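Coordinates in review
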There are 2 protein chains.
Amino acid sequence: MIFEVVVEVRLRAGIADPQGATIERALPALGFVGVNGVSVGKSIRFTVQAEDEAAAHELVTDLCHRFLTNPVIEDSEISLQVAETSAN
Amino acid sequence: MIFEVVVEVRLRAGIADPQGATIERALPALGFVGVNGVSVGKSIRFTVQAEDEAAAHELVTDLCHRFLTNPVIEDSEISLQVAETSAN
């Protein structure tokens with residue numbers, strides 16, 4: 001089966017987010033009010049081939065820990081959904 | 001009302017994605033097989049204060065077009081959800 005995966009990589013709470021802070025500081029000058037707590041992360045999309053959803057989830061979790069995130073400062077959130085079965 | 005917003009900024013189809021291509025190329029050497037079509041975007045989270053959901057959506061759409069994305073090469077996807085009412 002092929003799964004569509006979205007991994008959202010975010011900075012852990014308490015880690016400085018200069019990108020987010022810069023956006024937040026710039027907004028009032030552009031006329032946007034009421035926007036707060038801006039944080040900027042990465043969104044990584046891909047497809048993965050695996051036996052079933054559990055196997056796909058395990059592979060993606062491993063991939064996140066070993067390669068896509070820096071676990072010291074980043075957290076990841078995984079969303080999986082079936083794209084198609086290999087039979088198609 | 002306060003809304004929690006997630007904006008996912010992605011490169012439009014056909015725009016070169018060197019970050020995604022680099023990740024994809026590196027995976028087999030790390031033992032990950034069956035991962036394809038890697039693309040890397042940004043995920044921007046914030047809260048916004050607005051009268052109702054329609055007003056919040058309009059403000060965030062405007063923000064995306066004018067500031068958060070480069071509409072020539074990027075696309076954005078907005079998710080909104082109520083965080084709390086101002087009365088709280």
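To start, this report covers the structure provided alongside it. Not measured: the values here are computed from a predicted model.

Some points on the overall build of chain A
Scanning chain A from N- to C-terminus turns up two helices and three strands. The helix and strand sequence of chain A, counted from the amino end, reads β-α-β-α-β. In terms of C-alpha radius of gyration, chain A reaches 17 Å, well past the compact-globule figure of 12 Å for 88 residues. With respect to the principal axes defined by its C-alpha atoms, chain A has extents near 55 × 30 × 15 Å.

Notes on the relation of the copies chain A and chain B
Once turned by 180° and shifted 0.0 Å along the axis, chain A lies on chain B with an RMSD of 0.0 Å. On this basis, the relationship between the two copies can be described by a two-fold rotation axis. In terms of proximity to the rotation axis, the leading residue of chain A is Lys42 of chain A, whose C-alpha is 2.2 Å off the axis. The fraction of interface residues of chain A whose copies in chain B are also interface residues reaches 100%, indicating that both copies meet through the same surface.

Let's talk about the sheet that holds strand β3 (residues 74-84) of chain B
With respect to topology, six strands assemble into an open sheet ordered β3(A)-β1(A)-β2(A)-β2(B)-β1(B)-β3(B), the strand pairing being antiparallel. Because the sheet does not close on itself, it has two edges, and the strands there are β3 (74-84) of chain A together with β3 of chain B. Averaged over neighbouring strand pairs, the angle between their axes works out to 20° when direction is ignored. The pairing of strand β1 (residues 2-11) of chain A with strand β2 (residues 35-49) of chain A spans eight bridges and is classified as antiparallel. Across the sheet, the residue bridging to Glu4 of chain A is Thr47 of chain A, located in β2 of chain A. Sheet strands touched by helix α2 (residues 53-68) of chain A: β1, β2 and β3 of chain A together with β2 (35-49) of chain B. Its angle to β3 of chain A, the strand with the most contacts, is close to 145°.

Concerning the interface of chain A and chain B
Across the contact, 31 residues belong to chain A and 31 residues belong to chain B. Taken together, the two surfaces of chain A and chain B that pack against each other cover about 2700 Å², and 59% of this comes from carbon and sulfur. Of all residues in chain A, Phe32, Arg45 and Phe67 of chain A bury the most surface against chain B, accounting for 23% of the area lost on that side. Linking chain A with chain B are two salt bridges. The partner of Arg45 of chain B in a salt bridge is Glu8 of chain A, and the shortest N-O contact between them spans 2.8 Å.

Let's talk about the pattern of salt bridges
By the definition in use, this model includes ten salt bridges over all chains. Three or more residues are tied together by salt bridges with common partners; here these are Glu8, Arg10 and Glu77 of chain A together with Arg45 of chain B.

Considerations on the pairing of β2 of chain B
The pairing of β2 of chain A with β2 of chain B spans eleven bridges and is antiparallel. Looking across to β2 of chain B, one finds that Arg45 of chain A is bridged to Ser39 of chain B.

About the criteria used
Residues numbered from 1 in each chain as written. Chains lettered and ligands numbered in written order. Predicted model: local features only at pLDDT ≥ 70, side-chain atom pairs only at ≥ 80, totals over all residues. Heavy atoms only, no water. Helix = DSSP H or I, 4+ residues; strand = E, 2+ residues; numbered from the N terminus. Rg over C-alpha atoms; globule rule 2.2 N^0.38 Å. Least-squares fit on C-alpha atoms with pLDDT ≥ 70 in both. Contact = heavy atoms within 4.5 Å. Pairing = 2+ DSSP bridges. Axes fitted to C-alpha atoms, helices over the stretch in contact; angles between N-to-C directions. Buried area = accessible area lost by both parts, 1.4 Å probe. Salt bridge = Lys/Arg side-chain N within 4 Å of Asp/Glu carboxyl O.

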